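Descriptive analysis of the structure
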Amino acid sequence: MDGKIGIQEIIRDYYNVSKNSMEAIIKYVEFQTLSSGTSFIKSGVQNEYDYFLLSGICRSYVVNQKGEDITISFFQNRTVLTPNVARTFKNQSTMTFEALTDIEIGRFKAIELVKLMREISEMRSFANAVLQQELILKSKKELYNASLTAKERLKIFRQQFDSLENLIPHPIIASYLGITNISLSRLRAELAKE
């Protein structure tokens, strides 16, 4: 798929902007193909970009005090990654983003989006829709982790991320669910019997 067409589709999934507004942002986008295992946003490192994920699967994660990766979010084809404003503090990333498969991304400087938001109301609406979606997903995850059993969280994970369980390493999924890999294996076996 042509990268520019892919970005147009992603933007329209969040907010239906005009052709002129679409062209205003696309001119700032640079496209990259990254290999599985590549960390393209790194915790503690300055990052001034916002990203579209055109194809593939990636995750965001933090490293806890024990040195363990804790997966925060998964991202699949045709989406916007966590906005720069929500994942940086003092211009440094608060988490790492890693390609779990080969991915295609479009990136653009966050400052360009801020300028467009000031000039074009549709871009403000698009950016607000992205932030709202991010807030909803984070709030739901917090609620699920606080109130549901591990088995219930796995069932919801399967609904949200159809077939992801067969495409990425299970320890990464276990860290997202807040359980050990052994517990995940046990739960998968239980659910297979139901």
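Figured I'd write up the structure that's included with this text. As the structure is a computational prediction, the values presented were derived from the model and not from experiment.

As a further point, take the environment of Glu 142. Considering the arrangement of structural elements, one finds Glu 142 in helix α5 (residues 121–147). Sequence separation between Glu 142 and Glu 152 is 10 residues, and the spatial gap between their C-alpha atoms is 14 Å.

Let us look at the pattern of salt bridges. A complete count under the given rule lists 13 salt bridges for this structure. The closest approach of N and O atoms between Lys 151 and Glu 190, which form a salt bridge, is 3.4 Å. Placement of the pair is Lys 151 in helix α6 (residues 150–160) and Glu 190 in helix α8 (residues 181–193), with a sequence separation of 39 residues. Taking relative accessible area as the criterion, Lys 151 reaches 23% and is therefore assigned partly exposed. Assessed through its relative accessible area of 28%, Glu 190 is described here as partly exposed. Put simply, Glu 165 and Arg 158 hold a salt bridge, and the shortest N to O gap is 2.6 Å. The partly exposed category is assigned to Arg 158, whose relative accessible area is 30%.

Before going further, it helps to spend a moment on the environment of Tyr 176. Note that Tyr 176 resides in helix α7 (residues 170–177). Here Tyr 176 falls in the buried class, since its relative accessible area comes to 10%. Taking the C-alpha atoms as reference, Tyr 176 lies 9.2 Å from Phe 157; in sequence the two are 19 residues apart.

The N-to-C vectors of α6 and α8 enclose an angle of 75°; their axes lie 10 Å apart at closest approach. In terms of orientation, α6 lies roughly perpendicular with respect to α8. Residues Ala 150, Lys 151, Leu 154, Lys 155 and Arg 158 of α6 form the contact with α8, whose participating residues are Leu 184, Leu 187, Arg 188, Glu 190 and Leu 191. A class-by-class count of the residues in the contact of α6 with α8 yields 5 nonpolar, no polar and 5 charged.

In the structure shown here, the tally under the stated rule is 12 aromatic pairs. Ring geometry for Tyr 14 against Phe 126: centres 6.1 Å apart, planes inclined by 90°, an arrangement best described as edge-to-face. Pair noted here: Tyr 14 is in helix α1 (residues 3–14) and Phe 126 is in helix α5, with a separation of 112 residues, a long-range link. The same class applies to Tyr 14 and to Phe 126, which are both buried. Over the face of the ring belonging to Phe 97 we find Arg 87, whose NZ or CZ atom lies 5.8 Å from the ring centre.

A separate point is helix α2 (residues 19–26). Where α2 is concerned, the buried positions are Ser 21, Met 22, Ala 24, Ile 25 and Ile 26. Those residues of α2 that are buried lie in contact with α1, β3 (49–55), β10 (103–109), α4 (110–119) and α5.

Each value, and the rule that gives it
Residues numbered from 1 in each chain as written. Predicted model: local features only at pLDDT ≥ 70, side-chain atom pairs only at ≥ 80, totals over all residues. Heavy atoms only, no water. Helix = DSSP H or I, 4+ residues; strand = E, 2+ residues; numbered from the N terminus. Salt bridge = Lys/Arg side-chain N within 4 Å of Asp/Glu carboxyl O. Buried < 20%, exposed > 50% of the residue type's maximum accessible area, 1.4 Å probe, protein only. Axes fitted to C-alpha atoms, helices over the stretch in contact; angles between N-to-C directions. Parallel < 35°, antiparallel > 145°, perpendicular 65-115°, else oblique. Contact = heavy atoms within 4.5 Å. Nonpolar A, V, L, I, M, F, W, Y, C, P; charged D, E, K, R; others polar. Phe/Tyr/Trp six-rings, centres within 6.5 Å; stacked < 30°, edge-to-face > 60°. Lys NZ or Arg CZ within 6 Å of the ring centre and 35° of its normal.

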